[in-house]
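# Coordinate analysis (summary)
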Amino acid sequence: MRVRRLIALFAFLASVFPLAATASAQPLNFVVIQPGQPGSPQEAQPVMDAIAAYVSEKIDAPVEGVYFNELPAALEFLQNTPPQWGIVSFPVFAVHAGEFAMTPIASSRPGGEQKDRWRLLVPHRQTTDWRNLSGTIQGTVLYEPAAAACLLFGEMPQELPFALEGTRAPLQAVRAAARGQVAGVVVDRLQHEAFQALPAAGELSEIADTGEIPTSPVVWFAAMDERTGRLQEVLQAMGDDPDAADLLRLLQTDGFGAAAPELARWRFDDARCPR
Amino acid sequence: MNLLHSIKESLFLAIWRLVSGYAPLVIAVGGVIAAVCAAAAWLYLGMDTDHDRLVSPEIPYQARFLELLENFGDQEFLFIVIHTGGTEEGKTLAARYADRLAERLQRHPDLIEAVYYRLSPVDLGTGALLYASPEEARALAAAVGLSAPALSRWYGDGSLAGLLEETGALLGVGAAPPGGAEFLAPVLGALEELLGRVEGALAGKVVDTPVFDLTAIGTQYFFTPNERFLIMRVLPDKDFGELDIIAAPLALIRGAMAETGAEFPGVEAGLTGRPVLQADEMRTTERDMTLASVLAILAVGTLFTVMMHGWRRPAAIVVSLLMAMAWTFGFATAAVGSLNLLSVVFALVLIGIGVDFGVHIVSRFLEAHRSGEERPEAVRTALLRTGPGVLLGGVTSSCAFFSVLGSDFLGLAELGLIGGIGILLCLLAMLTVLPALLLTTGRRQTEVPPTAISFSFLEHLACRPKMVLLIVASVTLAGLPGLMNVGFSYDLLELQARGLESVEYERLLIEQTDESTWLAAFTADSLEEMTALRELLQTLETVGRVETILDYLPREQEIKRAIYAEPARALAALPPSPAVPAAPHAPRVLRALETLEEALMGMQEKLFAAGAGEEVVRIERILGHIDASVQMLAEGPDRAQHLDSLQGQLRQQMGGLVDRLRVWLRADEVTPWDLPPALRDLFIGRDGRFQLTATPSVDVWSFNLLERFVLDLRRVDPTVSGPPVVVYESARLMHQTFISAAALTILFVSLILYVFSRSLLYVGLTLLPLGVGIVWMLALMGFLGVEFNLANFFAIPILIAIGVDGGVHFLARWREQQGRGSLFSTSTPTAVALSFATTTIGFGGLLLAHHRGLASLGALMVLGSLSCLAACQLVLPAVLRALGNRTWR
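A quick note: this is a predicted structure, and the numbers were derived from the prediction, not measured.

## Brief notes about the overall build of chain B
Scanning chain B from N- to C-terminus turns up 28 helices and 13 strands. Residues counted as buried form 56% of the 889 residues belonging to chain B. If you sum the accessible surface of chain B, you get close to 37100 Å²; carbon and sulfur atoms cover 61% of it. Charged side chains in chain B number 65 positive and 91 negative. The centres of these two groups are separated by 12 Å.

This is how it looks when you write it as structure tokens:
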């Protein structure tokens, strides 16, 4: 009797172990979606590989990462090959969080800052009221016009007297605004820091801003499992991990923080600005 | 007693005969000898301001220190502290300031031996790349790997256009320049320089300096660990023949700092280090002494003129004193050959003490003259009656100086010898030249005997000796609590003037950095011993940073050499040198410039998005050069020929750069003996032994903490040396020397007084005013919070010397009167008061000194002189009166 029970136990263990091994070896792929960022996905791929290698070593699972700086391609990828997690720009999260079941699990800190801020810059002394503008406003953060319009003006894009246009050449957009070729340019916090060093800084004035808004969140797609917690731990411990120092330098950040609680407020599921 | 008395009388009679018979000859002979001595001193008397020679080389700690200096050279640095504000921008600015300052200083190798503030790869020799971290090494290897195909293509071409094309292609490929963000700044720097040269060449400008400056890449500046300061260590050339041994280098450095400061108005910097502190101390001391001297001369001159009724008699004293000083200079030249930092003050000592002998002679002369004696008779009275007291006072005063003769403190021993002999020579001058001058000057004028200035009011007190002694005893007892509070402070920084830049920066170094101007030094026979010693030292709480030559060796050399193996092979595959290119062709250069422009604009967008404004602006400047070049070439394609020379330079420089990289990438393991000589000499001695240095983690300007530091170090290695040990031991030696000098002086003085009088009562009475005066002085010091320190302790032997003098003269006059008449109706109390007054005034000027050590010396001398004066005038007459006839027998 005892022998039979023992054999049964071995049989159970023999059947469970491969499963367990398979479970731990499930890929933990990710996507980085930053519409409007200059450069090409090919150029960014070494950085993705570095993130993948780091996370893979920490979580002991195969990891691959892809990068998109064009929105349609990113959305198509999410539809067809949904990854386990990703780092998505705040506007993408605000508009598509519901559609792709994104749950924020951490937040990025670009340049070491926990908050972002977008500013509308227009030629100096042209106007101090955005309602007087017409034509086109460009910016890397404008690929999701609804999010940008709500955050900057509290209106939906169709209610604005000008068009919002995404660009992957923010510096050219600044120059175009300074030359009066476009009505204005929207810059994020990092771009604004760089802008202040430019000669064009004296030619443009800020007439609207978003106030402090969340940075790009790290999101988990679909239902969370125990790996979500492990990933959260790994990401949030990166700032103190000497092994992550080079990677963080590459990402131009000092680590990842907890997910911003206010992210839940910014959802555009019903195509209306949240109040 | 009678024999001594007879000898004394015969001696003074002989002197009187000489002086009265040959007065002009005495003056002339004195003057000629003085002139010869002064000339000899001017020609041959040297100045030795080397601190290291102030102490006997036989003492073990000093012997070890001298051996250390011999083995490793002078490592007493000046520290230039440059503020960075802790920001990257501040660090960059501080580095540029340091570069400019170093450039200015290095133009004067005669004054500045070395400047240490950065290490560039070129300084590090063939192993330079082994100093990179493994991550940097990998990034470099990746960069070389990525660039190798482009380099290979360019080696086959060698042209300027080819270089621009390949650069554009490389920059257009990646998100960051090859090798990562660390390489961005140097890459952009080189590109800016290159494109600026292209524009310049097209405009017809010729520049010969290299486009690619390797010293600017990977240079490490010596920032403190908190990155708030950049420290430059400067080794000045010392001139031990000058009182201020670094006067010229210091003036140069301060001038260069002022010029560099004007160039970088936002950069704050200061200078410190032990040599600077000493130089500043010397300068403030000199300034303070000058002020004190001027005040003293004015005050003493006025006092003399009033007390001695005119200027002739004071002038006679001064002439006699000057002769005595000249003779002393002559003696110093013949006997020692040079003056040191301590013996240089002998002249001041002679002025303070020697002038008193003259005061007594002239006072007695005036008294006698006033009482109706003719001039020669008055001089005779002064010489025969007061002369013996002056002689005794002079001999006892010289004891204070001779008491340090056997000291290991050679500086002090030399001062003792020169000062003691000087006092005796002053005595000689005041007993021969001064009477001769009194006999010869003013003879033709009709003199009205001067009115007496006496302290007759004190006679009323002396008449009530018991009451006076009761009050004195009460006051002394009341002062005892103050006396108990007097301590000894070894704190050297507290002696310095407040607000001095060097003092403030010394404090700043102590409080905000792990840098120290006090390096303790150890030696080890082998690297193993050195490593073991270092580990032991690092466990000590009082030790801050331990520095050895091992700190300058690259770590993980094997790992990095493995990383470099592949790029080394890639570069080895290149031909020995780039091909000789064809002359620049305008269309090709234009295409290359446009390719590069496109790549840079793409990179600029990425940098803008990443917030890197400075780099964006830098690329903007590069694009400006490209636009201007494109325009010039488009307007005049023939201008391309102007690029030919630049193309040749580039080919040569790029070839040199690659050659150097080839050497660096293949470098063998770096050992201590491979380090650059400037670094190696700091840590490897002439005998091949190794030096370790340890900085204190505690404020060693506080003596208690210095003691803890030194004792801690000695537990690890009893042979430890360096400035902390030398200062610690020297301070202790100085303290011991002063205490033994004070004790020996009392002993010698008592012996001399006893031999002179054969009476213990006489000895006790002579020393009484000194004893009471010193007790009062100590009580006052306690109440006023004045402590003994290394600067003012020297006052004690001087006070003993002059304090005894007062007693000697009072006793001599009391004996002469044989108990008859009033002591206060004579000139003696006035002369004693005048003597103390000159000392009080002379040293009182120091109370205004910025140098707190000198000010405390002034305070001690003023308190001591006034206390001894009061004790002389109040206590001794009262005691003499109380004891009655016994005292003059």
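## A short note on the environment of S835(B)
Residue and element names in this part refer to chain B. With respect to the helices and strands, S835 occurs in helix α27 (residues 828-844). Sequence separation of S835 and L883 is 48 residues, and the distance between their C-alpha atoms is 26 Å. The contacts of S835, once residues within four sequence positions are left out, are D356, V359 and H360. Polar contacts involving the side chain of S835 include one to the side chain of H360, which spans 3.4 Å.

## Let's talk about the side chain of S865(B)
Tracing the backbone through its elements, the reader meets S865(B) in helix α28 (residues 852-883). Each residue touching S865(B), except ones within four places of it in the same chain, is listed here: L799(B), I802(B), F836(B), T839(B) and T840(B).

## Topic: a nonpolar patch on the surface
Residues and elements named next belong to chain B. On the surface, a nonpolar cluster with roughly 450 Å² of combined accessible area is contributed by L18, Y22, L25, V29 and I33. Following the sequence through the fold, L18 ends up in helix α1 (residues 2-21). According to the relative accessible area criterion, L18 is partly exposed, its value standing at 40%.

## Comments concerning empty space enclosed by the protein
All names here are of chain B. According to the stated counting rule, one finds nine cavities of 30 Å³ or more in the structure shown. Roughly 90 Å³ of volume is contained in the second largest cavity. Taken together, H360, R364, R385, T386, G389, H809, A812, R813, E816, S827, T828 and A831 form the lining of the second largest cavity. Secondary-structure elements contributing two or more residues to the lining of the second largest cavity are α11 (346-370), α12 (375-402), α26 (795-817) and α27. Considering each element in turn, the lining of the second largest cavity owes the most residues, four residues, to α26. Classifying every residue of the lining of the second largest cavity by side-chain character gives two nonpolar, six polar and four charged. Residues from two domains meet in the lining of the second largest cavity; each of domain 1 (1-44 + 310-450) and domain 3 (457-507 + 723-889) gives at least three.

## Quick notes on the packing of helix α4 (residues 88-106) of chain B against helix α8 (residues 247-263) of chain B
Residues and elements named next belong to chain B. In the contact formed by α4 and α8, the axes pass within 9 Å of each other and the chain directions differ by 140°. On the basis of the axis angle, α4 is oblique to α8. Crossing handedness for the pair α4 and α8: right-handed. Seen from α4, the contacting residues are Y97, R100, L101, R104 and L105; seen from α8, they are L252, I253, A256, M257, E259, T260, G261 and E263. Residue composition of the contact of α4 with α8, by class: seven nonpolar, two polar and four charged.

## Some remarks on the interface of chain A and chain B
The partner chain B presents 19 residues to the 21 residues of chain A that form the contact. Carbon and sulfur atoms supply 62% of the area that chain A and chain B bury against each other, a total of about 1600 Å² over both sides. In this structure, the connection of chain A to chain B is made through two salt bridges. Of the charged contacts, one joins R175(A) and E620(B) as a salt bridge, the two residues approaching to 2.5 Å between their closest N and O atoms.

## Notes on the pattern of salt bridges
Oppositely charged side chains may form a pair once their charged atoms are brought near each other. All names here are of chain B. All told, the structure shown has 42 salt bridges over all chains when counted by the stated rule. The residue R588 makes a salt bridge to E165 at a minimum N-O spacing of 3.1 Å. With R588 in helix α19 (residues 586-609) and E165 in helix α6 (residues 160-173), this pair connects stretches of sequence that are 423 residues apart. Of the residues examined, R588 reaches a relative accessible area of 24% and is grouped as partly exposed. Judged by its relative accessible area of 25%, E165 falls in the partly exposed class.

## Observations regarding unusual backbone geometry
Unlike most non-glycine residues, A101(A) shows phi in positive territory, near 50°. Considering the arrangement of structural elements, one finds A101(A) in the loop between α4 (90-96) and β4 (102-110). Overall, the relative accessible area of 38% leaves A101(A) in the partly exposed class. In this structure, E227(B) is a non-glycine residue whose phi angle is positive, near 60°. Examined against the element boundaries, E227(B) turns out to sit in the loop between β5 (220-221) and β6 (229-236).

## Some remarks on a negative patch on the surface
Together, D110(B), E113(B), D237(B) and D239(B) give the surface a local cluster of negative charge. As for its placement among the helices and strands, D110(B) is situated in the loop between α4 and β3 (112-116).

## Quick notes on the state of the cysteines
Counted under the stated rule, the structure contains one disulfide over all chains. A sulfur-sulfur distance of 1.9 Å marks the disulfide that ties C150(A) to C273(A). For the disulfide bridge between C150(A) and C273(A), the dihedral angle about the S-S bond is near -85°, and by the sign convention the bridge is left-handed. A residue pair is termed long-range when its members are at least 10 positions apart, and C150(A) in helix α5 (residues 145-153) and C273(A) in the segment after β13 (253-257) qualify at 123 residues. Each of the two residues, C150(A) as well as C273(A), counts as buried. The structure places no disulfide on C37(B), whose sulfur is separated from the nearest cysteine sulfur, that of C426(B), by 13 Å. Judged by relative accessible area, C37(B) falls into the buried class, the value being 15%. With no disulfide of its own, C872(B) lies closest to C868(B) among cysteine sulfurs, the gap being 7.1 Å. The buried category is assigned to C872(B), whose relative accessible area is 0%.

Cut-offs applied
Residues numbered from 1 in each chain as written. Chains lettered and ligands numbered in written order. Predicted model: local features only at pLDDT ≥ 70, side-chain atom pairs only at ≥ 80, totals over all residues. Heavy atoms only, no water. Helix = DSSP H or I, 4+ residues; strand = E, 2+ residues; numbered from the N terminus. Buried < 20%, exposed > 50% of the residue type's maximum accessible area, 1.4 Å probe, protein only. Areas by Shrake-Rupley, 256 points an atom, 1.4 Å probe, with all protein chains shown as cover. Lys, Arg positive; Asp, Glu negative; His and termini not counted. Charge placed at Lys NZ, Arg CZ, Asp CG, Glu CD. Contact = heavy atoms within 4.5 Å. Polar contact = N/O pair within 3.5 Å; in protein donor to acceptor, adjacent residues only side chain to side chain. Patch = residues over 30% accessible without salt bridge, like charges linked within 9 Å, V, L, I, M, F, W, Y side chains within 5 Å. Salt bridge = Lys/Arg side-chain N within 4 Å of Asp/Glu carboxyl O. 1 Å grid on protein atoms, 1.4 Å probe; cavity = no way out; pocket = protein on both sides within 12 Å on 5 of 7 lines; lining within 4 Å. Points joined across faces, edges and corners; volume = space filled by probe spheres on them. Nonpolar A, V, L, I, M, F, W, Y, C, P; charged D, E, K, R; others polar. Domains from an automatic or database assignment. Axes fitted to C-alpha atoms, helices over the stretch in contact; angles between N-to-C directions. Parallel < 35°, antiparallel > 145°, perpendicular 65-115°, else oblique. Left-handed = near helix turned anticlockwise from the far one by under 90°. Buried area = accessible area lost by both parts, 1.4 Å probe. Disulfide = S-S within 2.5 Å.

Bear in mind that shape data such as this cannot, by itself, settle questions of function.
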